Amino acid sequence: GFFQSYAVEVVIKDASNATCLYARWMMRFLIKYETNSSDYKNVTLNLPSEVTHNGSVCGSDTEAALLAIQFGEGHSWSVNFTKTNETYQGDFVTFTYNTNDAAVFPDAKRKGPITIVAKDDMHPVQLNSVFVCHNIDSFEAENVTQIYWNATVQAFVQNGTIGKKESRCRADTPTVPPTIANVTSVPATTLSPAPTTSPSPVENPDTGNYSLKSGNKTCLLATVGLQLNISQDKPLLININPKTTSADGTCGNTTATLRLNDGNSTLISF
């Protein structure tokens, strides 16, 4: 389960010994890596009970704050924060895992540190407020899924005192139940059946050409039109537009992965 990882708490202080950056959270990493036999394995990298936070920076009006930790056999993770006159927010998340750690990555084909950089989706938070997210949040980038939960973060702490006002993530915000309108009874003779309407037809999706390269050689080609049929309260059809869709992925000797991103929060992986 997710909650078997250790919680991390980091308190960064400035030259006057006042707290300038505080964070407490839990996280783990799901990593897909290639072995010497050219197949792929999935492993889970959890945080150990002890981490270091070398290189963390308080930040200022002109310098980004940096929360950085190091753990295990050469693994590290960091996020930098930028601020305006009224808010702060996460900017980029950088994760480095070391495949020389044979206990986690047995028989890894590629040896050494591998770094993943991704955009942080943290929304702007008012200065002197604490960002809180208890629910699980995750994102995927370059064969790594980063998973976070029970997070409490405040960058650019003012006067060395952690703020009391909380800014919750979207996952923690309860949904508002729909308002029920007042219903007035009317005689049955005044009611008439509602006209039936046929659903609007959805056009066929445009065909896109997607490709991957390994070095200078093309290793995967796909010519395909894609339409998603999503089952919700009402069926929802979505056409993937090749003009706004980007492709990436990996090619191995026996497996290949094609990932499509339509730029509207729809990710498809083959």
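Residues numbered from 1 in each chain as written. Predicted model: local features only at pLDDT ≥ 70, side-chain atom pairs only at ≥ 80, totals over all residues. Heavy atoms only, no water.

As annotated in an unreviewed UniProt entry, the protein is Lysosome-associated membrane glycoprotein 2 from Atlantisia rogersi. The Sequence similarities (unreviewed entry) field of the UniProt record for the protein holds the comment "Belongs to the LAMP family." (UniProt positions renumbered as here; feature names shortened; annotations may be inferred.)

## Remarks on the pairing of strand E4 (residues 65–71)
With five of its seven residues buried, E4 lies for the most part within the structure. Relative to strand E5 (residues 75–83), E4 runs antiparallel, the two being bridged by seven bridges. Each bridged residue has a counterpart across the sheet, and for alanine 65 the counterpart in E5 is phenylalanine 81. Taken together, E4 and the strand that follows it, E5, pair antiparallel across an intervening segment of three residues, in which glycine 72 is found at a positive phi of about 60°. (Buried < 20%, exposed > 50% of the residue type's maximum accessible area, 1.4 Å probe, protein only. Helix = DSSP H or I, 4+ residues; strand = E, 2+ residues; numbered from the N terminus. Pairing = 2+ DSSP bridges.)

## Thoughts on the nonpolar core
Counting 46 residues, the largest nonpolar core has Trp25, Ile31, Leu67, Trp77, Phe81, Tyr88 and Phe95 as the members making the most contacts within it. It is strand E2 (residues 19–34) that contributes the most residues to this core, eight residues altogether. Ignoring any residue separated from it by four or fewer positions in sequence, one finds tryptophan 77 in contact with Trp25, Met27, Phe29, Leu67, Ala68, Ile69, Phe71, Val93, Thr94, Phe95, Gln146 and Tyr148. Among the nonpolar cores identified, the runner-up in size contains nine residues, and Tyr210, Leu212, Leu226 and Ile268 belong to it. (Core = buried A, V, L, I, M, F, W, Y, C linked by side-chain atoms within 4.5 Å. Contact = heavy atoms within 4.5 Å.)

## Focus on the sheet that holds strand E17 (residues 246–251)
Strand order in the open sheet made by the three strands is E17-E18-E19, with antiparallel pairing throughout. In this open sheet, the two edge strands, each paired with only one partner strand, are E17 and strand E19 (267–269). Direction aside, neighbouring strands of the sheet carry axes that sit 15° apart on average. Looking at chain direction, E17 and strand E18 (residues 256–261) are connected through six bridges and run antiparallel. Across the sheet, glycine 249 pairs through a bridge with leucine 258, a residue of E18. (Axes fitted to C-alpha atoms, helices over the stretch in contact; angles between N-to-C directions.)

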